[in-house]
Amino acid sequence: MIEIKNITKVYKSGDVETKVLKGISFSINDGEFVAIIGPSGSGKSTLMHILGCLDTPSSGQYFFEGQDVSQLSDDELADIRKKKIGFVFQSFNLLPRTTVLRNVVLPLAYANIPKGEREEIAKKSLLSVGLDETRFHHLSNQLSGGEMQRVAIARALVNNPSLILADEPTGNLDSKTGEVVLETFKNLNKQGRTVILITHEKYIAEHAKRTIFLKDGEIIEDVINHRSKTVQQIKE
Amino acid sequence: MLITDLLEETYLAISANKTRSGLTILGIVIGIGSVIAMISIGQGATGSIETSIQSMGSNLITVSPGFQRSFSQVSAGRGSAQTLTIEDSETIAKEIPFVGAVAPELSRRYQIVAKGKNTNTQVVGTVASYPSVKNIEIDQGSFISEQNVSNQSKVAVLGPTTRDDLFGEGTIPIGETVRINGINFKIIGITKSKGGTGFGSQDDMVFIPITTAQKFLAGADYVSTISVQAESPQVMTQVQTGITNLLLELHNITDPQMADFSVLSQQDILGAASSMTNTMTILLAAIAGISLIVGGIGIMNMMMTTVTERTREIGLRKAVGAKRLDISLQFLAEAVMLTFIGGVVGIILGSGIAYGITFFAGMATKISLFSIILAFSVSAGIGIVFGYWPAQKAAKLNPIEALRYE
């Protein structure tokens with residue numbers, strides 16, 4: 001479903017050009033669970049932004065479900081994000097002073113889903129990530145970190161996207177809640193969703209079925225984790 | 001996004017920070033309120049001036065003396081000439097077609113004394129046709145008759161205000177005596193109140209026969225104005241030109257520029273007065289408009305702060321699929337909503353002020369639909385104008401940078 005060909009990204013500041021991505025090519029099939037791992041400065045965030053259609057590459061081609069999206073305008077990219085991609089961020093990015101339910105309904109409003117159907121869809125999505133129904137009308141800032149991230153995942157899922165893109169989703173969580181969140185991603189993958197996980201921690205990447213190592217804007221390794229481990233196995 | 005979503009978002013955003021929204025709205029409330037109040041004062045003044053000019057009489061043409069030029073080059077100012085005479089007025093009545101009634105008058109202010117009380121008011125020497133020309137009605141007794149005029153009788157008709165000042169409210173002092181300039185006049189009638197207050201009120205006057213005024217008070221045979229009533233509004237211009245030509249001939253003046261009189265119709269006076277009050281209204285509204293602009297800048301300031309504060313939220317909205325238009329509409333709607341609320345409250349406040357001015361200061365005010373529509377569209381317009389820049393700023397944010405914003 002994703003194919004990138006020789007993608008580069010160059011940032012210019014004044015006369016200085018910084019080449020963040022130096023010609024990256026790979027493809028990801030439907031239903032894969034891929035971790036993109038690399039140290040900070042490796043270009044993984046830039047790659048994630050391009051994969052998430054938040055940014056366009058300086059050169060190269062990006063085919064998302066067969067469509068070349070590398071030269072689309074802002075609004076055309078917004079359309080793809082709206083329909084096809086669900087984001088999960090390190091800092092959750094929930095709307096403050098807004099109820100859990102309303103946070104999850106938000107993408108549906110932009111997708112012009114009829115008003116009457118929205119709450120039902122949002123509730124289903126929240127239940128699927130294991131959030132208790134008693135929490136639905138709490139304000140987002142009253143939740144614990146783990147709950148917030150699960151609300152964020154529910155929000156990412158609510159439009160039924162074909163790709164879930166998670167940027168350091170456990171970065172702001174303690175290891176225990178982090179594990180719960182990772183389990184959630186695994187379950188989503190089991191249900192057939194494509195998940196891309198960006199992280200700089202190896203043990204988190206081991207949850208995925210495939211790992212792409214990035215360093216200095218280049219892929220240095222692309223391996224299949226033949227037996228992706230469970231949380232318990234990693235602990236041992 | 002549906003419009004209802006937009007309104008809901010706007011409501012939540014405005015109510016999230018009630019104090020700040022309230023203070024920002026207050027700026028617009030004061031702006032709109034003062035525009036409404038000022039326009040209503042201006043239009044009220046226009047209205048009352050127009051009414052008092054209309055009440056002077058219908059189809060009225062006034063002939064007044066011009067500059068006094070005959071004896072020297074020094075002009076004593078318009079109206080100072082003593083060139084109009086009763087003969088002029090009689091000739092007008094005789095020769096000009098479509099003239100209903102003609103009333104010459106000789107007015108001057110005198111101190112009037114009655115039973116120890118005294119007042120200073122306008123004494124109008126005139127003829128029997130004056131009430132029909134000037135729309136004056138008699139309340140008690142009778143007006144000056146032609147007999148009185150030809151006999152130079154020392155009789156007087158009081159306006160109701162003058163009567164109140166000299167004899168007390170509601171009294172009927174017919175048969176009593178007033179002293180004008182040391183001469184006793186017998187009261188024969190009281191006119192009906194025409195309303196209107198202040199300088200030039202037709203209720204605060206004393207009417208006496210013009211011949212009496214010329215002989216005993218002024219000691220000269222000129223008249224200060226001649227009021228002419230045309231038969232219908234259609235013949236006004238014709239009558240006006242007729243009078244001008246006739247008087248030029250009577251006064252032996254060949255060059256119309258040198259005329260020692262002026263002929264003004266009621267429309268001319270009305271036009272001059274309305275253009276004056278309109279200027280005043282515009283001036284007042286312009287001053288009030290400045291506060292509206294200041295209020296608008298307040299809106300822009302708040303929206304700028306809001307956009308900065310909510311940068312991450314904007315980033316997230318973009319990440320979940322909001323387009324530029326969605327974002328800019330959201331912030332524009334917020335600005336317009338703020339000004340709209342300010343506009344509604346401002347209209348209520350402005351109307352309240354106008355009502356208060358009428359109630360406490362007795363000044364006429366008029367809240368027109370026009371000024372309300374104007375205020376509404378101006379407030380919505382201000383929302384759009386001052387909300388546009390912040391909204392564009394929000395819409396153009398890069399989602400990646402916005403999401404990372406701390």
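About the thresholds
For every chain, the first residue of the written sequence is number 1, and numbering continues from 1 onward in sequence order. The order in which chains are written sets their letters, starting at A; the order in which ligands are written sets their numbers, starting at 1. Confidence filtering applies because this is a predicted model: local features only for residues at pLDDT of at least 70, side-chain atom pairs given and counted only at 80 or more, and all residues used for totals across whole chains, interfaces and linings. Calculation of side-chain values draws on the structure's entire complement of heavy atoms; hydrogens and water are dropped beforehand. A run of DSSP states H or I qualifies as a helix once it reaches four residues; a run of E qualifies as a strand once it reaches two. Both are numbered from the N-terminal end. In this description the radius of gyration comes from C-alpha coordinates, and the expected globular size is given by 2.2 Å times residues to the power 0.38. Whether a residue is buried, partly exposed or exposed follows from its accessible area with a 1.4 Å probe, protein chains only, as a fraction of its type maximum: under 20%, in between, or over 50%, in that order. The contact definition used throughout considers only heavy atoms, calling two residues in contact when any of these lie within 4.5 Å. Note that accessible areas follow from Shrake-Rupley with a 1.4 Å probe, and for residues the cover is restricted to the protein chains shown. Here the positive residues are Lys and Arg and the negative ones are Asp and Glu; neither His nor the chain ends is included. For the purpose of locating charges, the reference atoms are NZ of Lys, CZ of Arg, CG of Asp and CD of Glu. Centres within 6.5 Å are what make two rings of Phe, Tyr or Trp a pair, Trp counting through its six-membered ring; a difference in plane orientation under 30 degrees is then read as stacked, over 60 as edge-to-face, and the rest as tilted. Think of a 1 Å grid over the protein atoms and nothing else: a 1.4 Å probe that fits but is trapped marks a cavity, an open set flanked by protein within 12 Å on at least five of seven lines marks a pocket, and residues with an atom within 4 Å of a point count as lining. Grid points are joined across faces, edges and corners, and a volume is the space filled by probe spheres set on the points. Amino acids outside the nonpolar list (Ala, Val, Leu, Ile, Met, Phe, Trp, Tyr, Cys, Pro) and the charged list (Asp, Glu, Lys, Arg) are all regarded as polar, and Gly is one of them. Two strands are counted as paired when DSSP detects at least two bridges linking them. Here an axis means a line fitted to C-alpha atoms, over the contact stretch when the element is a helix, while the angle between two N-to-C directions is reported on a 0 to 180 degree scale. Whenever Lys or Arg places a side-chain nitrogen within 4 Å of a carboxyl oxygen from Asp or Glu, that contact is recorded as a salt bridge. N or O atoms closer than or at 3.5 Å make up a polar contact, with two conditions inside protein: a donor-capable atom paired with an acceptor-capable one, and, for residues adjacent in sequence, both atoms drawn from side chains. Buried area: the sum, over both parts, of the accessible surface (1.4 Å probe) that disappears when the two are put together.

S.K.: Teacher, can you tell me more about the overall build of chain A here?
M.R.: For chain A, the count of helices and strands is eight helices and ten strands. Here the C-alpha atoms of chain A give a radius of gyration of 18 Å, agreeing with the 18 Å that 2.2 N^0.38 yields for 236 residues. Principal axes of the C-alpha set define a box for chain A whose edges measure 50 × 45 × 35 Å. Evaluated residue by residue, chain A yields a buried proportion of 53% over its 236 residues. In chain A, of all internal contacts separated by at least 6 residues, the share reaching a separation of at least 24 is 68%. Here chain A has roughly 10,600 Å² of accessible surface; of this, 46% comes from carbon and sulfur atoms. Positive and negative charge centroids in chain A, built from 30 and 30 side chains respectively, lie 3 Å apart.

S.K.: Would you mind going over unusual backbone geometry with me for this structure?
M.R.: Keep in mind that most residues, glycine aside, have a negative phi and that most peptide bonds are trans. Here Asp216(A), not a glycine, exhibits a phi torsion of approximately 50°, which is positive. One can find Asp216(A) in the loop between strand S9 (210-215) and strand S10 (218-224). Its identity as a non-glycine residue notwithstanding, Asn181(B) has a phi of 55°, on the positive side. Position of Asn181(B) among the secondary structure elements: in the loop between strand S6 (177-180) and strand S7 (183-191).

S.K.: How should the packing of aromatic side chains be read in this particular structure?
M.R.: The relation between two aromatic rings is expressed through the spacing of the ring centres and the mutual angle of the planes. By the definition in use, this model includes eight aromatic pairs over all chains. Taking the centre distance of 5.7 Å and the plane angle of 5° together, the rings of Phe87(A) and Phe89(A) count as stacked. With 5.4 Å between their ring centres and 50° between their planes, Tyr130(B) and Phe207(B) make a pair best called tilted. Of the two residues, Tyr130(B) sits in helix H4 (residues 130-134) while Phe207(B) sits in strand S8 (residues 205-209), which places them 77 residues apart along the sequence. Three or more aromatic residues joined by ring pairs make a cluster, and in this case those are Tyr130(B), Phe143(B) and Phe207(B).

S.K.: I would appreciate a short explanation of empty space enclosed by the protein in the present structure.
M.R.: Inspection of every chain in the model, using the stated rule, returns two cavities of 30 Å³ or more. The calculated volume of the largest cavity comes to roughly 100 Å³. Elements supplying a minimum of two residues to the lining of the largest cavity: helix H2 (74-84), strand S6 (85-88) and helix H5 (145-157) of chain A together with helix H10 (311-319) of chain B. Broken down by element, the residue count for the lining of the largest cavity peaks at three residues, all from S6(A). Along the lines of polarity and charge, the residues of the lining of the largest cavity split into nine nonpolar, two polar and three charged. Taken as a whole, the second largest cavity encloses approximately 60 Å³ of empty space. As for the second largest cavity, its lining consists of Leu106(B), Ser107(B), Arg108(B), Tyr110(B), Val123(B), Ala213(B), Leu217(B), Ala218(B) and Tyr222(B). Of all the elements in the fold, those that place two or more residues in the lining of the second largest cavity are strand S2 (99-114) and helix H7 (210-218) of chain B. Per-element tally for the lining of the second largest cavity: the top contributor is S2(B), with four residues. Tallied by class, residues from the lining of the second largest cavity come to seven nonpolar, one polar and one charged.

S.K.: Could you clarify how one ought to interpret the side chain of Ser265(B) in this entry?
M.R.: Following the sequence through the fold, Ser265(B) ends up in strand S10 (residues 261-265). Not counting residues within four places of it along the chain, the set of residues in contact with Ser265(B) comprises Leu60(B), Ile61(B), Met236(B) and Gln240(B).

S.K.: What am I meant to see in the sheet that holds strand S3 (residues 33-37) of chain A here?
M.R.: Strand pairing in a sheet relies on backbone hydrogen bonds, with the paired strands running either antiparallel or parallel. All names here are of chain A. If you walk across this open sheet you meet the six strands as S6-S7-S8-S3-S9-S10, and the pairing is mixed. Sheet topology places S6 and S10 at the edges, where each strand pairs with a single neighbour. Shown here is a sheet whose adjacent strand axes are inclined to one another by a mean of 15°, direction ignored. Both strand S7 (residues 163-167) and strand S8 (residues 194-199) contribute to a ladder of five bridges, which runs parallel.

S.K.: I would appreciate a short explanation of the pattern of salt bridges in the present structure.
M.R.: Side chains that differ in sign of charge can pair as their charged atoms come close. Residues and elements named next belong to chain B. Considering all chains together, one arrives at 24 salt bridges over all chains under this definition. For Glu137, the salt bridge identified is with Lys192, shortest N-O distance 3.6 Å. Of this pair, Glu137 sits in the loop between H4 and strand S4 (138-141) while Lys192 sits in the loop between S7 and S8; the two residues are 55 residues apart in sequence, bridging distant segments of the chain. Residue Lys192 is classed as partly exposed on the basis of its relative accessible area of 38%. A salt bridge links Arg310 to Glu313; the shortest N-O distance between them is 3.1 Å. The class of Glu313 is buried, set by a relative accessible area of 14%.

S.K.: Explanation requested: the side chain of Arg118(A) in the structure shown.
M.R.: The topology assignment puts Arg118(A) in helix H4 (residues 115-128). At a separation of 2.8 Å, a polar atom in the side chain of Arg118(A) contacts the main-chain carbonyl oxygen of Ile113(A). Setting aside anything within four residues of it in sequence, one finds Arg118(A) in contact with Val105(A), Leu108(A), Ala109(A), Ile113(A), Leu2(B) and Asp5(B).

S.K.: In this structure, what is going on with H10(B)? I would like to understand it.
M.R.: Since one α-helical turn is 3.6 residues long, residues separated by three or four positions face the same way. All names here are of chain B. Judged by how many residues are buried, H10 sits mostly within the fold: eight of nine residues are covered. Those residues of H10 lying buried are Thr311, Glu313, Ile314, Gly315, Leu316, Arg317, Lys318 and Ala319. Immediately downstream of H10, the backbone of Gly321 shows phi near 115°, a positive value.

S.K.: Which parts of the structure should I look at to understand the interface of chain B and chain A?
M.R.: Interfaces are frequently sized by the accessible area removed from exposure as the parts join. Counting residues at the interface gives 25 residues for chain B and 25 residues for chain A. Of the roughly 2,400 Å² buried at the junction of chain B and chain A (both faces included), carbon and sulfur atoms supply 55%. Joining chain B to chain A, the criterion identifies seven salt bridges. One can count ten residue pairs in polar contact (both at pLDDT 80 or more) joining chain B with chain A. Put simply, the parts of the chain that give the side of chain B that touches chain A at least two residues each are helix H1 (3-16), H10, helix H11 (324-361) and helix H13 (399-404) of chain B.

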